[in-house]
Amino acid sequence: MGDRSVDLILKGEYLLAMTDAEAPVLDAAVAVKDGVIIDIGPAEDIVGKYEARELLGGQKKVIIPGLVNTHTHAAMVYFRGLADDLPLKQWLEEHIWPAEAKWLSNEFVRDATELACLEMVRAGVTLYNDMYFFEDASAEAVKKVGMRAVLGAGVLDFPTPAASTPDEHLERAEEFIKRWKDDPLVVPSIAPHAPYTCSPETYKRCIELAEKYDVPVHTHLSETRWEVEEIKKRYGKSPVEHLNSYDLLTDRMLAAHCVWLDEKEIELMAEKGVSVSHCIESNLKLASGIAPVVKMLKAGVKVTFGTDGAASNNDLNILSEMSTAAKLHKAVSGDPTALSARVALLMATRWGAEALGLGDVTGSIEVGKSADMVILDLEKIHLVPIYDIYSHIAYSLNSSDVHTVVINGEVILKDYKFVRVDAEEVMKNALKWQERIKNN
């Protein structure tokens, strides 16, 4: 077969590359070799030009880049539904933190992350950005499933199940970063929890570490009104202004939530290049508020989508976040053109990858990029007729329409079935943990 040999060809009635070209490519195909996209073109040309080990997709299918979940705590999937219908502070202090103190371990995090990864893949997510503890165990689960992930070692000023002091958190974070720095799928990062749990000095040390190893910084910021009032009480400034006063806002920072921002803070975020993870369903469920996403986008802030952890959402479905956000921001802005279907899909794909420093690797379908792609099945009752494919994805598509998922050139989900991992075993394991948590 010589040079004509490729590993995969993906065919679709529609291809949404999520580059600057807005029009979908019709009857297109993508050739993949050694994990990389090597050619894109009309299906007839690509199929005639190459001989593929495996041919995927076809008519009634749409190919999109893998979705990106820019803020989650994957292992918290084992606490899904444990404590609901509560405000964030009470939810954290009275339920989640005690549960974490009791249950968190390498084994818990590895098992729970495996379940979370399967849930995300099943919903078309190929890359996620995590903030948690025992991230070596998370990395093992990520590698087992075959996902791509940015894993943030959590840092706080008070004891957690992972470390007793800020020094110990930082030491462990540095060790974790060094261990995983050159992995093809796992990008280590550092994750100072929030301005109300980390001092300016802790943030400073986190950012120095991130700069030393050239990794991302992942934090919570201005999530609740309580947080804003608390930081003003402690430091005399809002959370964004507080971090800025210590020169802690950086373009390697991805800030989750950013619900309570004023115009000046939005301008600061844009100026400093801070990206935002918009977690609309978690914010709605915890009554934290509605982030000023349309204003942020207009100011040039890169806004992306996150699910938050499944304990506060209660799922890890970016398609659902995208649909909720695109509709809600129309309502709150009084503008039905705010946050269009295509912009929502950009936020869920290319912008997400760029916010994590992986824009040259993934997030769009381009020659030379990693083959991280999703095939969606359009042959469903709720998906006919079709006039605008972007609108279909933003407003009509479900996670159950995700047909095939390819990550780094490997087929992870095919014809709705997991290829590498026994999903039944993962679910059985989750039920065993459920019994332990429920009965203790």
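Provided above is the structure to which this section pertains.
A short note on the pattern of salt bridges
Moving on, step 1. Scanning the entire structure with this criterion turns up 30 salt bridges.
Moving on, step 2. One salt bridge connects D136 with R179, and the closest N-O pair in it is separated by 2.5 Å. Here D136, found in helix 4 (residues 135–145), pairs with R179, found in helix 5 (residues 166–180); they are 43 residues apart in sequence, far enough to count as distant.
Moving on, step 3. Residue classification places D136 among the partly exposed residues on the basis of a relative accessible area of 22%.
Moving on, step 4. For D183, the salt bridge goes to K143, with nearest N and O atoms at 2.8 Å.

Let's talk about the sheet that holds strand 14 (residues 402–407)
Moving on, step 1. Pairing is mixed in the open sheet, where eight strands are placed in the order 3-2-1-4-13-14-15-16. At either margin of the open sheet sits one strand with a lone partner, and together these are strand 3 (36–42) and strand 16 (417–418).
Moving on, step 2. Inspection of the sheet shows strand 1 (residues 5–15) paired to strand 2 (residues 25–33) by seven bridges, in the antiparallel sense. By the bridge assignment, Y14 is partnered in strand 2 with L26.

Quick look at the nonpolar core
Moving on, step 1. Membership of the largest hydrophobic core comes to 124 residues, with the highest contact counts inside it found for F79, W91, F108, Y128, M147, I190 and M296.
Moving on, step 2. Broken down by element, this core gets its largest block of residues, nine residues, from helix 3 (residues 106–122).
Moving on, step 3. If we ignore the near neighbours within four places in the chain, the residues touching F79 are I96, A99, E100, W103, F108, Y132, A311 and I437.
Moving on, step 4. Residues L8, L15, L56 and I375 belong to the second largest nonpolar core, which totals 16 residues.

About the cut-offs
Residues numbered from 1 in each chain as written. Predicted model: local features only at pLDDT ≥ 70, side-chain atom pairs only at ≥ 80, totals over all residues. Heavy atoms only, no water. Salt bridge = Lys/Arg side-chain N within 4 Å of Asp/Glu carboxyl O. Helix = DSSP H or I, 4+ residues; strand = E, 2+ residues; numbered from the N terminus. Buried < 20%, exposed > 50% of the residue type's maximum accessible area, 1.4 Å probe, protein only. Pairing = 2+ DSSP bridges. Core = buried A, V, L, I, M, F, W, Y, C linked by side-chain atoms within 4.5 Å. Contact = heavy atoms within 4.5 Å.

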